[in-house]
Amino acid sequence: MAKKESDNQSAAIMEKYSVRCRYCGQKNSVKEDYKNNAAKCGRCKLPLSNEPHKKFADLSKHDYVHPADSKALAALKAIPGIDTALKQLLKVTGESAMRVSFMASAVQITPKQCPDLYAKLQVACTTLGVDMPDFFLQQNPVVNAFTGGVDKAVIVLWTGLVEKLNEEELLAVIAHEVGHIHAEHVLYLTAARLIEALMNASVAAIVPGSDIIKFLVSAGISSALLAWARRAELSCDRAALLVTQDPHIIGRTMMKLAGGTYASKIDYDEFLNQARDFQKNYDENKLDRFWADLLNAGLTHPFPIWRVSEILKFVDSGQYNDLMRK
Ligand SMILES: [Zn+2]
Ligand SMILES: [Zn+2]
């Protein structure tokens, strides 16, 4: 056999047994008995499949932002003096202090450090059309993540979260955080998280921004800001769906947030029924609604069940499918 012919043949065999990752674009060699979703990409660790993955060329935040987010944000922006007060708060508390603290106490994720997490961040950023932020992993048992920054965005994942989620659920959470950047939440969100931290009396006594905090509380800005921040989460769950492109990945992530690692023993369909029941009760029963709103007012994020119900509504309304066809 001529050398060129044999080269062509081996190239054809390699092509036959290779799959390009739909998320990150990496070419992976696979075994002869390869099946969709049964193997993982060597780079981003997400399941390999031949299905397409949409990257949005020109996504506007208005395409997906939750109406409750837009409404609460408009109310917030209407408060006189808010932008000046928040900018002053962030100036005295210092974005640089936040960045130094992460550089000193957390692990910076780069193409060489936890490359699979870095690749997932790239997937979320290229799908939504967002510049890469700084990215950290920090030791903290709380199941949460954080996006902040004023001049440059920074995303921090807590170990309590990373250790509990599978690869697709991690993509969902990272995409949710990238959603905060895409939806232009970051300035207000940073202020909301700072106010939460500084409202703790023992911290407020030693932090230079405490006078501004007092002003923000008295002017009603802090409560309006925190009320908006919870609604902003609903927009970012939608952004996460636009990246995972599977509502059940969002649903299963919420199931883990609600049920912890015990989620492996929880029936997912029953969990979805619970979300539908919750919504029905909320719509029909004013007393439940009162308690749900009251309890929710003390949380940084809406209830996981509520978030699932909102994602189901977004899909059922056809809005999600319209965006995927755009
Ligand atoms: Zn990949
Ligand atoms: Zn969030």
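Residues numbered from 1 in each chain as written. Chains lettered and ligands numbered in written order. Predicted model: local features only at pLDDT ≥ 70, side-chain atom pairs only at ≥ 80, totals over all residues.

S.K.: So what about the overall build of the protein? Which residues, and what values?
M.R.: Helix and strand content of the protein: 16 helices and six strands. Across the 326 residues of the protein, 35% fall into the buried class. Within the protein, counting contacts between residues at least 6 apart in sequence, those at least 24 apart form 66% of the total. (Helix = DSSP H or I, 4+ residues; strand = E, 2+ residues; numbered from the N terminus. Buried ≥ 20, exposed ≤ 12 C-beta atoms within 10 Å, placed from the backbone. Contact = placed C-beta atoms within 7 Å.)

S.K.: So what about the pairing of strand β4 (residues 134-138)? Which residues, and what values?
M.R.: Across two bridges, strand β3 (residues 107-108) lies against β4 in antiparallel orientation. For Q108, the partnering residue across the bridge sits in β4 and is F136. Pairing of β4 with strand β6 (residues 154-158) involves five bridges; the strand directions are parallel. Across the sheet, the residue bridging to F135 is I155, located in β6. (Pairing = 2+ DSSP bridges.)

S.K.: Could you give an account of the nonpolar core, naming the residues involved and the relevant values?
M.R.: The biggest cluster of nonpolar side chains holds 75 residues, and the ones touching the most others in it are A124, L171, A175, A191, L225, A239 and V243. For this core, the element with the most residues is helix α11 (residues 221-244), which contributes twelve residues. In contact with L171, not counting residues within four places along its chain, are L46, K120, V123, A124, V243 and T244. (Core = buried A, V, L, I, M, F, W, Y, C linked by C-beta atoms within 7 Å.)

S.K.: So what's going on with helix α5 (residues 115-128)? Which residues, and what values?
M.R.: A rise of 1.5 Å per residue sets the reference length of α5, with its 14 residues, at 20 Å; its end C-alpha atoms lie 20 Å apart and thus fit the reference within 8%. The element α5 is extensively covered by neighbouring structure, given that ten of its 14 residues are classed as buried. Buried residues of α5: L117, Y118, A119, K120, L121, Q122, V123, A124, T127 and L128, and no others. Packing partners of the buried residues in α5 comprise β4, α7 (167-182) and α11. In the stretch just after α5, G129 is the one whose phi turns positive, near 85°. (Expected span 1.5 Å × (residues − 1).)

S.K.: Tell me what's going on with the pairing of β6, and back it up with residues and numbers.
M.R.: Burial analysis of β6 places four of its five residues in the buried class, the great majority of the element. Here four bridges tie strand β5 (residues 145-148) to β6, and the two strands are oriented antiparallel to one another. By the bridge assignment for β6, T147 is matched with I155.

S.K.: Could you give me a rundown of helix α12 (residues 247-259), with the residues and numbers involved?
M.R.: Taking 1.5 Å per residue, 13 residues should reach 18 Å; α12 reaches 18 Å between its end C-alpha atoms and fits that length. Listed in full, the buried residues belonging to α12 are I250, G251, R252, T253, M254, M255, K256 and L257. Looking at the buried residues of α12, the elements they touch are α7, α11, α13 (268-284) and α15 (304-316).

S.K.: Run through the environment of V19, naming residues and quoting values.
M.R.: Topologically, V19 is positioned in strand β1 (residues 18-20). Judged by local crowding, V19 falls into the partly exposed class, with 17 C-beta atoms found within 10 Å. Spatially, the C-alpha atoms of V19 and Y34 are 9.3 Å apart, while their sequence positions differ by 15 residues. With near-sequence residues (within four places) excluded, V19 lies in contact with N28, V30, Y34, L48 and N50.

S.K.: Which residues make up the confidence of the model for the protein, and what values go with them?
M.R.: Summing up the model confidence of the protein, the mean pLDDT is 85 and the portion of residues at 70 or higher is 85%. For the protein, the element scoring lowest by mean pLDDT is helix α9 (residues 201-204), at 49; α5 scores highest, at 98. (pLDDT = per-residue confidence, 0-100.)

S.K.: Quick rundown of the packing of α7 against α12? Include the residues and the values.
M.R.: As a packed pair, α7 and α12 sit with axes 9 Å apart at the nearest point and diverge in direction by 90°. Classified by the angle between their axes, α7 and α12 sit roughly perpendicular to one another. Mapping the contact onto sequence places E168, E169, A172 and V173 in α7 and I249, I250, R252, T253 and K256 in α12. Among the residues forming the contact of α7 with α12, the class breakdown is four nonpolar, one polar and four charged. (Axes fitted to C-alpha atoms, helices over the stretch in contact; angles between N-to-C directions. Parallel < 35°, antiparallel > 145°, perpendicular 65-115°, else oblique. Nonpolar A, V, L, I, M, F, W, Y, C, P; charged D, E, K, R; others polar.)

S.K.: Summarise the sheet that holds β3; cite the residues concerned and give the values.
M.R.: Read from one edge to the other, the open sheet built from four strands follows the order β3-β4-β6-β5, with strand pairing classed as mixed. Two strands in the sheet have a free side with no partner beyond their single neighbour: β3 and β5.

S.K.: Describe the packing of helix α2 (residues 67-77) against α11, with residues and values.
M.R.: Angle between the axes and distance between the axes: these two values describe a pair of packed helices. Running from N to C, α2 and α11 cross one another at 155°; their axes reach a closest spacing of 8 Å. Compared by their axis directions, α2 and α11 come out roughly antiparallel. In this structure, α2 crosses over α11, and the sense of that crossing is left-handed. Across from A68, D69, A72, L73, A75 and L76 in α2, the residues of α11 making contact are A224, L225, A227, W228, R231, A232, L234 and S235. When its residues are assigned to classes, the contact of α2 with α11 shows eleven nonpolar, one polar and two charged. (Left-handed = near helix turned anticlockwise from the far one by under 90°.)

S.K.: Tell me about unusual backbone geometry, and please be specific about residues and values.
M.R.: Positioned with a positive phi, E184 is a non-glycine residue whose angle comes to about 60°. For Q245, which is not a glycine, the phi torsion comes out positive at approximately 55°. Along the chain, the position of Q245 falls in the loop between α11 and α12. With 16 C-beta atoms counted inside 10 Å, the residue Q245 sits in the partly exposed group.

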